[in-house]
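The residues making up each chain are set out below.
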Amino acid sequence: MRVALLTEGARPHPDRGAGAWCDRLAEGLPEHEFELHLLTGPAGPGPARRLSPAWRGVHDLALWGPRPRGRAPGALRRRQYARAYEELVRALVLPGARGGFGAGLYRLAALAREDGGTLPAFLASAHARRVLERSWRLPGADTSAGQPLVRDVLVAADLLEQCLRPLSAPWYGTGPGGLGGADLCHVVGGGPAALPALVARHLHGVPFVVTEHGLHLREQYLGYPPRAEGGAGAESEARQARDECRSDDRRHRVRAPGGERASHEAPYRRPVRALLLSFFRALTEETYRQAAILTPGTAHDQQWQRRCGADPARTRVVYEGTPAVGRPAAGAEPARPTLVWAGALEPGRDTELMLHAFARVRAELPAARLVVHGEETAPGYLAHCAAVAERLGVAGAVDFAGRPGSLAEAWQGGTVAVFSALSQRSPRLLADAMLSGRAVVATDVGVTREVVGPTGLLVPARDPRALAGACLALLRDEERRSRLGLAGRLRAQERFAVEPVLGAFREIYLELVSQYPAFPEGGGAGEGGRAPRPFARPAEYWLADGPRGRDGQGERAERDDGADPDAGDGDSRDGDSGAPDDGPGQPAALGTAAGARAEPARPAGPAFAEAV
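Residues numbered from 1 in each chain as written. Predicted model: local features only at pLDDT ≥ 70, side-chain atom pairs only at ≥ 80, totals over all residues. Heavy atoms only, no water.

Participant: How do you make sense of the overall build of the protein when you look at a structure like this?
Facilitator: Broken down by element type, the protein carries 20 helices and twelve strands. Going through the 612 residues of the protein one by one, you find that 54% of them count as buried. Nonlocal contacts in the protein, meaning residues at least 24 apart in sequence, comprise 74% of its contacts between residues at least 6 apart. Counting every atom, the protein has about 25,500 Å² of accessible surface; 51% of that belongs to carbon and sulfur. (Helix = DSSP H or I, 4+ residues; strand = E, 2+ residues; numbered from the N terminus. Buried < 20%, exposed > 50% of the residue type's maximum accessible area, 1.4 Å probe, protein only. Contact = heavy atoms within 4.5 Å. Areas by Shrake-Rupley, 256 points an atom, 1.4 Å probe, with all protein chains shown as cover.)

Participant: Help me out: how do you make sense of the pattern of salt bridges in this one?
Facilitator: Side chains that differ in sign of charge can pair as their charged atoms come close. Inspection of the entire model under this criterion finds 22 salt bridges. We note a salt bridge from Arg 77 to Asp 115, for which the minimum N-O separation is 3.0 Å. Placement of Arg 77 in helix H2 (residues 75-93) and of Asp 115 in helix H3 (residues 101-115) is noted, with a sequence separation of 38 residues between them. The salt bridge partner of Asp 301 is Arg 218, with a shortest N-O separation of 3.0 Å. With Asp 301 in helix H11 (residues 299-307) and Arg 218 in helix H8 (residues 216-222), this pair connects stretches of sequence that are 83 residues apart. The same class applies to Asp 301 and to Arg 218, which are both buried. Here the residues in one salt-bridge network are Arg 218, Glu 219, Asp 301 and Arg 425, joined through shared partners. (Salt bridge = Lys/Arg side-chain N within 4 Å of Asp/Glu carboxyl O.)

Participant: Help me out: how do you make sense of the sheet that holds strand S12 (residues 457-459) in this one?
Facilitator: Strand pairs in the sheet, formed through backbone hydrogen bonds, run parallel or antiparallel to each other. The parallel open sheet is built from six strands, whose spatial order is S9-S8-S7-S10-S11-S12. Two strands bound the open sheet, and with one partner strand each, they are strand S9 (398-402) and S12. On average, each strand axis in the sheet is tilted by 20° relative to the strand beside it, whichever way the strands run. Of the strand pairs in this sheet, strand S11 (residues 439-443) and S12 are connected by three bridges, and their pairing is parallel. (Pairing = 2+ DSSP bridges. Axes fitted to C-alpha atoms, helices over the stretch in contact; angles between N-to-C directions.)

Participant: I would appreciate a short explanation of the sheet that holds strand S1 (residues 2-8) in the present structure.
Facilitator: A sheet is described by the order of its strands in space; here six strands give the open sequence S3-S2-S1-S4-S5-S6, paired in parallel fashion. Two strands in the sheet have a free side with no partner beyond their single neighbour: strand S3 (55-62) and strand S6 (293-296). Across the sheet, the axes of successive neighbouring strands diverge by a mean angle of 20°, strand direction being ignored. Bridge analysis of strand S4 (residues 184-188) against strand S5 (residues 208-212) gives four bridges, and the strand direction is parallel.

Participant: Explanation requested: the pairing of strand S7 (residues 338-342) in the structure shown.
Facilitator: The two faces of a sheet get side chains in turn, since along a regular strand they alternate between them. With five of its five residues buried, S7 lies for the most part within the structure. Of the two faces of S7, both are covered, the one formed by Thr 338, Val 340 and Ala 342 as well as the one formed by Leu 339 and Trp 341. As a crossover connection, the stretch from S7 through helix H12 (residues 351-364) into strand S8 (residues 369-373) is right-handed. In terms of strand pairing, S7 meets strand S10 (residues 416-419) through three bridges, oriented parallel. In the strand pairing of S10, Leu 339 is matched with Val 416. (Right-handed = clockwise from strand over helix to strand, strands pointing away.)

Participant: Sorry if this is basic, but what is going on with helix H5 (residues 126-136) here?
Facilitator: Each α-helix winds once per 3.6 residues, and so residues spaced three or four apart point in a common direction. For H5, every residue scored as buried is listed here: Ala 128, Val 131, Leu 132, Ser 135 and Trp 136. The buried residues of H5 occupy one face: seen down the axis, they fall within an arc of 120°. For H5, the elements touching its buried residues are H2, helix H4 (119-123), helix H6 (150-163) and helix H10 (270-290). (Arc of directions from axis to C-beta.)

Participant: Looking at this model, I keep getting lost on the side chain of His 32. Mind explaining?
Facilitator: Within the secondary structure, His 32 is located in the loop between helix H1 (21-28) and strand S2 (33-40). Within polar-contact distance, the side chain of His 32 engages the backbone nitrogen of Met 1 at 3.5 Å. In this structure, His 32 is in contact with Met 1, Val 3 and Tyr 509, ignoring residues within four places of it in sequence. (Polar contact = N/O pair within 3.5 Å; in protein donor to acceptor, adjacent residues only side chain to side chain.)

Participant: I keep staring at the environment of Ala 112 and nothing clicks. Help me out?
Facilitator: Residue placement: Ala 112 occurs in helix H3. For the pair Ala 112 and Arg 165, spaced 53 residues apart in sequence, the C-alpha separation works out to 10.0 Å. Residue contacts for Ala 112: discarding those within four places in its chain leaves Tyr 81, Gly 117, Leu 119, Leu 167 and Ser 168.

Participant: Looking at this structure, how should I read the packing of aromatic side chains?
Facilitator: One pair of aromatic rings is described through two measures. These are the centre distance and the angle between the planes. Going through the model one piece at a time under the given rule, you end up with ten aromatic pairs. Taking the centre distance of 5.9 Å and the plane angle of 70° together, the rings of Phe 101 and Phe 279 count as edge-to-face. One end of the pair, Phe 101, is in helix H3; the other, Phe 279, is in helix H10, with 178 residues separating them in the sequence. Look at Phe 101 and you get buried, because its relative accessible area is 2%. (Phe/Tyr/Trp six-rings, centres within 6.5 Å; stacked < 30°, edge-to-face > 60°.)

Participant: I'm lost on a positive patch on the surface in this one. Help?
Facilitator: On the surface, Arg 78, Arg 79, Arg 83, Arg 107 and Arg 130 cluster together into a positively charged patch. When residues in the positive patch are grouped by element, the largest group, three residues, is from H2. Relative to the helices and strands, Arg 130 resides in helix H5. (Patch = residues over 30% accessible without salt bridge, like charges linked within 9 Å, V, L, I, M, F, W, Y side chains within 5 Å. Lys, Arg positive; Asp, Glu negative; His and termini not counted. Charge placed at Lys NZ, Arg CZ, Asp CG, Glu CD.)

Participant: Sorry, what's going on with H11 here?
Facilitator: Those residues of H11 that sit buried are His 300, Asp 301, Gln 302 and Gln 305. Of the surrounding secondary structure, the elements contacted by the buried residues of H11 are S5, H8, H10, S6 and helix H16 (448-452). Positive backbone phi, approximately 100°, marks Gly 309, located one or two places after H11.

Participant: Honestly, the nonpolar core in this entry has me stumped. Any pointers?
Facilitator: Burial of nonpolar side chains together is a common tendency in soluble globular proteins. Counting 72 residues, the largest nonpolar core has Tyr 85 and Leu 132 as its most contacted members. Not counting chain neighbours up to four residues away, the residues in contact with Tyr 85 comprise Leu 108, Phe 122, Leu 123, Ala 128, Val 131, Leu 132, Leu 160 and Leu 164. Formed by 35 residues, the second largest nonpolar core is a distinct cluster that contains Leu 370, Ala 439, Ala 470 and Leu 472. (Core = buried A, V, L, I, M, F, W, Y, C linked by side-chain atoms within 4.5 Å.)

Participant: What exactly am I supposed to notice about the confidence of the model for the protein here?
Facilitator: Do not read the fine detail of predicted coordinates wherever pLDDT is low. Scored by pLDDT, the protein has a mean of 80; 74% of the residues are at 70 or more. Note that residues 224-243 has pLDDT below 50 and, in this model, 75 contacts with residues that lie over four places away or in other chains. Overall, residues 546-612 carries pLDDT values under 50, and its contacts beyond four positions in sequence, including any with other chains, amount to 112 contacts. (pLDDT = per-residue confidence, 0-100.)

Participant: Is there a simple way to explain the pairing of S10 in this structure?
Facilitator: Of the two faces of S10, the one carrying Val 416 and Val 418 and the one carrying Ala 417 and Phe 419 are both buried. Note that S10 and S11 share four bridges and pair parallel. When the sheet's bridge partners are listed, Phe 419 is paired in S11 with Ala 442. In this fold, the crossover linking S10 to S11 by way of helix H15 (residues 428-435) has right-handed handedness.

Participant: Explanation requested: the environment of Ala 408 in the structure shown.
Facilitator: Of note, Ala 408 is situated in helix H14 (residues 407-412). Taking the C-alpha atoms as reference points, Ala 408 and Pro 328, 80 residues apart in sequence, are found 9.2 Å from one another.

Have a look at this one:
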């Protein structure tokens, strides 16, 4: 089948490696044809030689940066754009108009498809800014974040133009490279990458799957953009895991798609942040409502998705596989008892708690030492931690080693791996520590219990006594350390192996195409307005036996045993599918062009219906 994979890239676009999640998916399912639709910067996706050969085609769209060139719409079309845009903006600012978000979104997409390139010009026009300002200041509008100023309207209009830019992408046809010709779409990362899938679902009825390794909406609320986790051409898992030892600027700002700030260097004011968060919240709810299947990376993320309106019946946890499962375990332990800590140096990782716990460990085991790996992300926090270590009298035994060259080297230099974070949203760093074979001590927050389970020691957050006690228990018991380390490695290998991920998506893809029949453009309605029906033709019909029947001998219309009783005995042609019949008992050849959707035929006979 043809699978269109939609995701966001990074800027500047990183080197594409074979370890990227999407690359592994395309390479691991060679029976399917994958096409990459990438939302990236103005520089594009980079040289083709850096792409995995598994991709059958690559299409990119500049999601941020300068607005694409295009003519402005005429007066009549501008009024139509304004009505649709006003409906969308009202859904963002008026609590009673939330239900109009989808209608405004799809109307804008339909107008953009009819005109071809005028939507960005309209969204950047003074007319659109007036619509935004008028709707934003309506009586009853949610202004709990403050009244918008003129500069807020200008910034918000710029950001909304970038967020809605995928609506005007040239991807929505049924020809080569068009989403309408795909059997399904696979959205990786959520957010603006889901917009093309929503439009393809609305225009062509193409089902889509959403995979989120770290929720896009949650990261927006935290005030910094999610990385392109798993995005095709993203960095390898080892590099991504090392990135957990640092963090982006989190100074309470919502940025534009892709992490840029739409050329505005100052932090956004609260009204702008509130409007953008409202947009991402409405987009997430619409995405979860329309998605055929959601595949969060953890059960912790699954709970967040349910709180955002996701249907539990359409949600399945698929852990993020990593090739690091084949990495050898760490070697012999260091001669001195050593605790190793890795993470971004910021209050959320609670390095200070680790220092207080280590002071208690040091009092019991004077030979113990602590190695802290990570970069300073909160200004002054490294100096603060050094001052805390000095005040506790353990500065000589604490090594602030900075960002490690590789995580394997970091775990190799420790006896026990320790995590003291106040929240743990991603399982990547925990899983990497477990794959090293070192015993793990962690605070019981976020995904920690789900990832570590019974193979490590979990303690409450903000409790230095409990953290110190767990570290001492492992440092004093070599046999227990070895047993827990081996159990943790086996658990991580089982949960985060690549093969189960490929198997899960192979089943999901086949399940979806069995439930969504092929149909032409028009939102899924068949000929005469009848809804398409799964398994309308037997599987043999779709066998590609070459251009048979084109010599004029197979001009007879196809007739099914289970013909529609309302169709009559006259014309029984199968719509305009153009597929000739090769005679009784012969599979018809595929007469349509590659990628074109065939119109649904009448259902097959009772025997086939019972078989399926």
